[in-house]
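Take a look at the letters that make up each chain.
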Amino acid sequence: MKVCMIVTNGFEEMEAVGTYALLRRGGLSVDVYSLRGAQATGRFGLTCAELKDFADFQDDGYQAVILPGGPQWQELEANQNLQDLLKAFHQSGRYLCAICASPTILGRAGFLKGKNYTCYTDMNEDFGGTFHPDYAVTDGKIITAKSAAATLEFAFAILRALSGEEVVQKTKEDIYYQD
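Here's what I pulled together on the structure shown here. These numbers come from a predicted model, not from an experiment. (Residues numbered from 1 in each chain as written. Predicted model: local features only at pLDDT ≥ 70, side-chain atom pairs only at ≥ 80, totals over all residues. Heavy atoms only, no water.)

Of note, Glu50 is a non-glycine position whose phi angle comes to about 60°, a positive value. Looking at where Glu50 falls in the secondary structure, it is placed in the loop between β4 (47–48) and β5 (52–53). Of note in this structure, Cys100 is not a glycine but carries a positive phi near 65°. Here Cys100 lies in the loop between β7 (95–99) and α4 (103–108). (Helix = DSSP H or I, 4+ residues; strand = E, 2+ residues; numbered from the N terminus.)

This part takes up the pattern of salt bridges. Applying the stated rule across the entire model yields nine salt bridges. A salt bridge links Arg160 to Glu165; the shortest N-O distance between them is 2.5 Å. Through salt bridges with shared partners, one network takes in Glu77, Arg108 and Glu125. (Salt bridge = Lys/Arg side-chain N within 4 Å of Asp/Glu carboxyl O.)

It is worth spelling out the packing of aromatic side chains at this point. A full pass over the atoms with the stated rule returns seven aromatic pairs. Aromatic side chains Tyr33 and Phe57 sit 4.8 Å apart centroid to centroid with 55° between the ring planes, which places their arrangement in the tilted category. Here Phe57 lies in the loop between β5 and β6 (64–67) and Tyr33 lies in strand β2 (residues 29–34), a separation of 24 residues in the sequence. Across the pair, Phe57 and Tyr33 agree in class, each one buried. (Phe/Tyr/Trp six-rings, centres within 6.5 Å; stacked < 30°, edge-to-face > 60°. Buried < 20%, exposed > 50% of the residue type's maximum accessible area, 1.4 Å probe, protein only.)

Here β6 shows a buried face lined by Ala64 and Ile66 and a second buried face lined by Val65 and Leu67. Relative to β6, strand β1 (residues 2–7) runs parallel, the two being bridged by three bridges. Each residue of the ladder has a partner; that of Val3, found in β6, is Ala64. Pairing between β6 and β7: four bridges, direction parallel. In the sheet register, Ile66 faces β7, and the bridge partner there is Cys97. (Pairing = 2+ DSSP bridges.)

A separate point is helix α5 (residues 151–163). A rise of 1.5 Å per residue sets the reference length of α5, with its 13 residues, at 18 Å; its end C-alpha atoms lie 18 Å apart and thus fit the reference within 8%. Following α5 by one or two positions, Gly164 adopts a phi angle in the positive range, close to 100°. (Expected span 1.5 Å × (residues − 1).)

A few words on the nonpolar core. Formed by 29 residues in total, the largest nonpolar core has its most connected members in Val3, Val7, Leu23, Ile66, Cys97, Phe154 and Ile158. In terms of residue count, α5 provides more of this core than any other element does, seven residues in total. Discounting residues that sit within four places of it in the chain, Val3 has contacts with Leu23, Leu28, Ser29, Val30, Asp31, Tyr62, Ala64, Ile66 and Leu162. Among the nonpolar cores identified, the runner-up in size contains 27 residues, and Phe57, Val65, Ala101 and Phe111 belong to it. (Core = buried A, V, L, I, M, F, W, Y, C linked by side-chain atoms within 4.5 Å. Contact = heavy atoms within 4.5 Å.)

Helix length check: helix α1 (residues 13–25) (13 residues) gives 18 Å between terminal C-alpha atoms against 18 Å at 1.5 Å per residue, within 8%. Where the residues of α1 are buried, they touch β1, β2, β6, β7, α5 and α6 (165–175). Downstream of α1 by a residue or two, Gly27 has a phi angle that is positive, lying close to 95°.

Listed below in structure tokens is the structure:
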């Protein structure tokens, strides 16, 4: 099972790297694309290199697109190619996953109409759906999460949707310390 994550400068490191690590630990293949060529620098200075260039995006059977939050959300939202990708994923019944500020991108594009969702509370607008204060909300093929603190729940929601509860439980056993 393959997913793609889209980042640019200003991505929230915890949301991107934490989600990436948990999905990989759960057995998913994750390709990270950058709007800035082969690298991107997070909001706290972590530079990730050897990323895939979004300009060369090839839909290689991805089952979900993941948008971490952080100040990057504005550049992501302004990118017409990303907007086209989100629309194509939505129309083909694949997952749209966004955390913190990035559900705003989904909301402004109309994907949250009639849906249950969450996002960073201060970024919530009238998206035509129902906001919930939960850490992570799944409604059909839309998975949203509230903030960096929700990274674990966000990753587990994606993993649950794509691989099932058994994989989620196994992944949790792998990361939680047991006496």
